[in-house]
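Fold and contact review
What follows is each chain in one-letter form.
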Amino acid sequence: MKKLLFLLLLVTFSAKVFSQKNVVDSSKIMAKDTLVKTMSKKDSLKKFYKIIPRVSTIRSAMVPGWGQINNRQYWKLPFIAGAFGVNIFFIIYNDTRYHYYKGNLQKAYDQQATASTIPVTLYNQDVSRDLNVSQLNTIVSGYRRNRDGSYLLLAVVWAANIIDANVTAHLKTFDMTDDISLKIQPTITSPDMATPVFGAKLTFAFK
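Predicted model, so just to flag it, every value in this text is computed and none were measured. (Residues numbered from 1 in each chain as written. Predicted model: local features only at pLDDT ≥ 70, side-chain atom pairs only at ≥ 80, totals over all residues. Heavy atoms only, no water.)

A look at the packing of helix α2 (residues 53-62) against helix α5 (residues 133-173)
For the pair α2 and α5, the least separation of the axes is 8 Å and the interaxial angle reads 165°. Taken together, the axis directions place α2 and α5 in an arrangement best described as roughly antiparallel. The chirality of how α2 crosses α5 is right-handed. Two secondary-structure elements touch here, α2 through Pro 53, Ser 56, Thr 57, Ser 60, Ala 61 and Met 62 and α5 through Trp 158, Asn 161, Ile 162, Ala 165, Asn 166, Ala 169, His 170 and Thr 173. A per-class count over the contact of α2 with α5 returns seven nonpolar, seven polar and no charged. (Axes fitted to C-alpha atoms, helices over the stretch in contact; angles between N-to-C directions. Helix = DSSP H or I, 4+ residues; strand = E, 2+ residues; numbered from the N terminus. Parallel < 35°, antiparallel > 145°, perpendicular 65-115°, else oblique. Left-handed = near helix turned anticlockwise from the far one by under 90°. Contact = heavy atoms within 4.5 Å. Nonpolar A, V, L, I, M, F, W, Y, C, P; charged D, E, K, R; others polar.)

Digging into the nonpolar core
In terms of nonpolar packing, the biggest core is built from 11 residues, these being Tyr 98, Tyr 101, Leu 105, Ala 108, Ile 118, Val 120, Leu 122, Leu 131, Val 133, Leu 136 and Val 140. For this core, the secondary structure elements donating two or more residues are α4 (77-110), β1 (117-121) and α5. With four residues, the single largest contributor to this core is α4. In terms of nonpolar packing, the next biggest core, distinct from the first, is built from five residues, Phe 84, Ile 91, Leu 154 and Val 157 among them. (Core = buried A, V, L, I, M, F, W, Y, C linked by side-chain atoms within 4.5 Å. Buried < 20%, exposed > 50% of the residue type's maximum accessible area, 1.4 Å probe, protein only.)

Some points on the environment of Gly 142
Structurally, Gly 142 can be placed in helix α5. Note on Gly 142: relative accessible area 13%, which makes it buried. In the structure, Gly 142 is positioned 45 residues away from Arg 97 in sequence and 10.0 Å away in space, judged by C-alpha atoms.

Observations regarding the side chain of Ser 60
Structurally, Ser 60 is set in helix α2. A distance of 3.5 Å separates a polar atom in the side chain of Ser 60 from a polar atom in the side chain of Gln 68. Setting aside its immediate chain neighbours within four residues, Ser 60 contacts Trp 66, Gly 67, Gln 68, Trp 158, Asn 161, Ile 162 and Ala 165. (Polar contact = N/O pair within 3.5 Å; in protein donor to acceptor, adjacent residues only side chain to side chain.)

What about the pairing of strand β2 (residues 128-132)?
As judged from the five bridges shared by β1 and β2, these two strands associate in the antiparallel manner. Its bridge partner lying in β2, Thr 117 is registered against Asn 132. (Pairing = 2+ DSSP bridges.)

What to know about α2
The complete set of buried residues in α2 reads Pro 53, Ser 56 and Ser 60. Angular distribution of buried residues about the axis of α2 spans 65°; they occupy a single face of the element. Facing away from the buried side of α2, by more than 90 degrees, are the exposed residues Arg 54 and Met 62. Looking at the buried positions of α2, the neighbouring elements they touch are α3 (66-70) and α5. (Arc of directions from axis to C-beta.)

Structure, rendered in structure tokens:
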């Protein structure tokens, strides 16, 4: 009786240990499976990322640099931001001085009948000079010309940003695999059904 009771206790204890081991092992397996699925999902997202030239072009037209982000060319962003920043700085710089001296030019026109020159305080300085209408016209024209040139350069940079995004997207999606091959094959033709003409034929093969 004691032996039978001992055997029952031994079997029960071993069953509990075995079941606990199975639970631990199954949880480890589930954790590994989840990790594998997560890694495979990330790999698939990286692998199947597709660049569409039309999307890159439209995004660059909307926001400069957005197309380069879509093409995964982040290193171009500082250059684009720098080009736009410099042009915007010179637009503001020239436009403020243009309007300032244009106001003084209007004063000179108003006082032209009584005085040939008027005292003009230089922009953002404590220095004053006597300038006539011709001199003020030259200053105003110079600042207006520089401002308009900065606007033009800004438009050129914007267009270059769009073209770069479009060309880069097309190059990244261009098929450079071995599926496309060029073959040169000799050919024989008989235009007049009498004299054969030897030549060559270029063939693009798509596998």
